[in-house]
Amino acid sequence: MTTTTPPAPQQTNNNSSNTKAWVIDLVLLAALWGASFLFMRMGAAEFGALPTAAARVSIGALFLFPLMMLRGQGAALVQHWRATMGIGVFNSGLPFALFSFALLTINSSLAAVLNATAPMFGALVAWVWFRERPDNWRLVGLAIGFTGVVMLASGNAGLRHGDGTGSNNAALWAIGACLLACLCYGIAASATRRYLTGVPPLATATGSQIGASLLLVVPAIVYWPQHMPSLRAWLAILALGVLCTGVAYFLFFRLIERAGPARALTVTFLLPVFATFYGVVFLDESITQWMLVCAGVIVCGVGLSTGFIAPKKRAASDSTAKT
């Protein structure tokens, strides 16, 4: 007589192995995307905001294109090229340029914390576009998250020192640029859902980088630096394109396949940790207590607004009480 007992340990081991695989991808992705703020700041300081963003997406496109072809997704890109390239304007082109501009004034850790508001903007755009009204707790989360942003913008936390640009007005412009970038991410997410559902993700990623490259190529040429940037800046741009864009996008879509979009969303919470670590270690950035408090408020708001953090429902206990 056979039983179901022997296969059980094997299934557990497989589940444990799968969990370990996606957790490794999650940590690697957070480490790479956290490093993007470090490299953007290093690159923008010598290249300028627009050339930095253009170089990033162009290198990312060159990295992703052969991968997409090897996976046989070229036909999908040809079929949906208008949508993928158009969405790339909001998913990569504009946000990367805005963050590069912001990092000329504020610290990379502050930019990473503001980047964590992207899911909140995604919820707002979905509310307007698809009439998907968030439940009460998610609305509370949106209010908490944006309160944290206001708290952060009200002080001098995260300003770069010693460059003459660290005025309150410059900081407000930089914070506004980060928030506008996050709004672009929210628009791109809803547009992807509306126009690219079912399209292979690698084709979407490649097409978006190509679209962003076409958007930024002329401005990058116009604002290309007159003096040759240093080797350090060139290496930062190369790392930004290959590691933080090409490899990171590959990991992101593999993470979605292995763990699902809900778990992939948790990278939002880990990313500021890595960005702060890199900023302190490699750029000698200072982290104030006020920044940490505001970051905590924003992360709590993001968690509630996305449903990742949700109060336990009392439906079961209520039904028991009624019986």
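Residues numbered from 1 in each chain as written. Predicted model: local features only at pLDDT ≥ 70, side-chain atom pairs only at ≥ 80, totals over all residues. Heavy atoms only, no water.

Here we take up the overall build of the protein chain. When its secondary structure is counted, the protein chain shows 14 helices and zero strands. Tracing the protein chain from N to C terminus, the helices and strands come up as α-α-α-α-α-α-α-α-α-α-α-α-α-α. Residues counted as buried form 47% of the 323 residues belonging to the protein chain. A separation of at least 24 residues holds for 90% of the contacts in the protein chain among residues at least 6 apart in sequence. Here the protein chain has roughly 16,400 Å² of accessible surface; of this, 66% comes from carbon and sulfur atoms. (Helix = DSSP H or I, 4+ residues; strand = E, 2+ residues; numbered from the N terminus. Buried < 20%, exposed > 50% of the residue type's maximum accessible area, 1.4 Å probe, protein only. Contact = heavy atoms within 4.5 Å. Areas by Shrake-Rupley, 256 points an atom, 1.4 Å probe, with all protein chains shown as cover.)

Mapped onto the fold, A53 is located in helix 2 (residues 49–70). Along the chain, A53 and S213 lie 160 residues apart, while their C-alpha atoms are 8.6 Å from each other. Dropping the residues within four chain positions of it, A53 is found in contact with F96, A97, S100 and L216.

In a regular helix each residue adds 1.5 Å, so 18 residues correspond to 26 Å; helix 7 (residues 136–153) covers 26 Å between its end C-alpha atoms and thus fits that length. All buried positions along helix 7 are accounted for by G141, L142, G145, G148, V149 and L152. Down the axis of helix 7, the buried side of the element spans an arc of 125 degrees, and every buried residue falls inside it. Turned more than 90 degrees from where helix 7 packs its buried face, N136 and V150 sit exposed. The inward-facing, buried residues of helix 7 abut helix 5 (108–115), helix 6 (118–130), helix 8 (168–195) and helix 13 (289–305). Two or three places before W137, at the opening of helix 7, D135 has a side-chain oxygen 3.2 Å from that residue's backbone nitrogen. (Expected span 1.5 Å × (residues − 1). Arc of directions from axis to C-beta. Polar contact = N/O pair within 3.5 Å; in protein donor to acceptor, adjacent residues only side chain to side chain.)

This brings us to the pattern of salt bridges. This structure, assessed with the given rule, holds three salt bridges. Its salt-bridge partner being R254, residue D25 comes within 2.8 Å of it at the nearest N-O pair. Residue D25 is found in helix 1 (residues 7–47), and its partner R254 is found in helix 10 (residues 231–259); the two are separated by 229 residues along the sequence. Residue class for D25 comes out buried when judged on its relative accessible area of 2%. (Salt bridge = Lys/Arg side-chain N within 4 Å of Asp/Glu carboxyl O.)

The next point concerns the environment of A191. Among the secondary structure elements, A191 is positioned in helix 8. As a C-alpha pair, A191 and A126 span 65 residues in sequence and 9.4 Å in three-dimensional space.

Moving on, we come to the packing of aromatic side chains. Taken as a whole and judged by the stated rule, the model has 15 aromatic pairs. Considering the side-chain rings of F274 and Y278, the 6.3 Å spacing of their centres and the 40 degrees angle between planes classify their relative orientation as tilted. Remark: Y278 and F274 occur in helix 12 (residues 267–283); sequence separation between them is four residues, near one turn of the helix. Cluster of aromatic residues (ring-pair linked, three or more members): W33, Y249, F252 and F253. When the ring centre of F96 is taken as origin, the NZ or CZ atom of R56, which lies over that ring, is 3.7 Å away. Its guanidinium or amino end placed over the ring of F130, R193 lies 4.1 Å from that ring's centre, counting from NZ or CZ. (Phe/Tyr/Trp six-rings, centres within 6.5 Å; stacked < 30°, edge-to-face > 60°. Lys NZ or Arg CZ within 6 Å of the ring centre and 35° of its normal.)

We now examine the packing of helix 4 (residues 81–102) against helix 9 (residues 201–222). Interaxial distance between helix 4 and helix 9 falls to 6 Å at its minimum, and their mutual angle equals 65 degrees. Remark: the crossing between helix 4 and helix 9 carries right-handed chirality. Where helix 4 abuts helix 9, its residues T84, M85, G88, V89, N91, S92, G93, L94, F96 and A97 lie against A203, T204, G207, S208, Q209, I210, G211, A212, L214, L215 and L216. In terms of residue class, the contact of helix 4 with helix 9 is built from eleven nonpolar, ten polar and no charged. (Axes fitted to C-alpha atoms, helices over the stretch in contact; angles between N-to-C directions. Left-handed = near helix turned anticlockwise from the far one by under 90°. Nonpolar A, V, L, I, M, F, W, Y, C, P; charged D, E, K, R; others polar.)

Attention now moves to the nonpolar core. F37, F39, F99, I106, L114 and L152 are the most contacted members of the largest nonpolar core, which has 65 residues in total. With 13 residues, the single largest contributor to this core is helix 1. Leave out the neighbours within four places in its chain, and L114 touches I106, V149, L152, I175, C178, L179 and C182. Core analysis: the second largest hydrophobic core is formed by 14 residues, L64, L196, Y249 and F253 among them. (Core = buried A, V, L, I, M, F, W, Y, C linked by side-chain atoms within 4.5 Å.)

Don't take any of this as a statement about function, it's just geometry.
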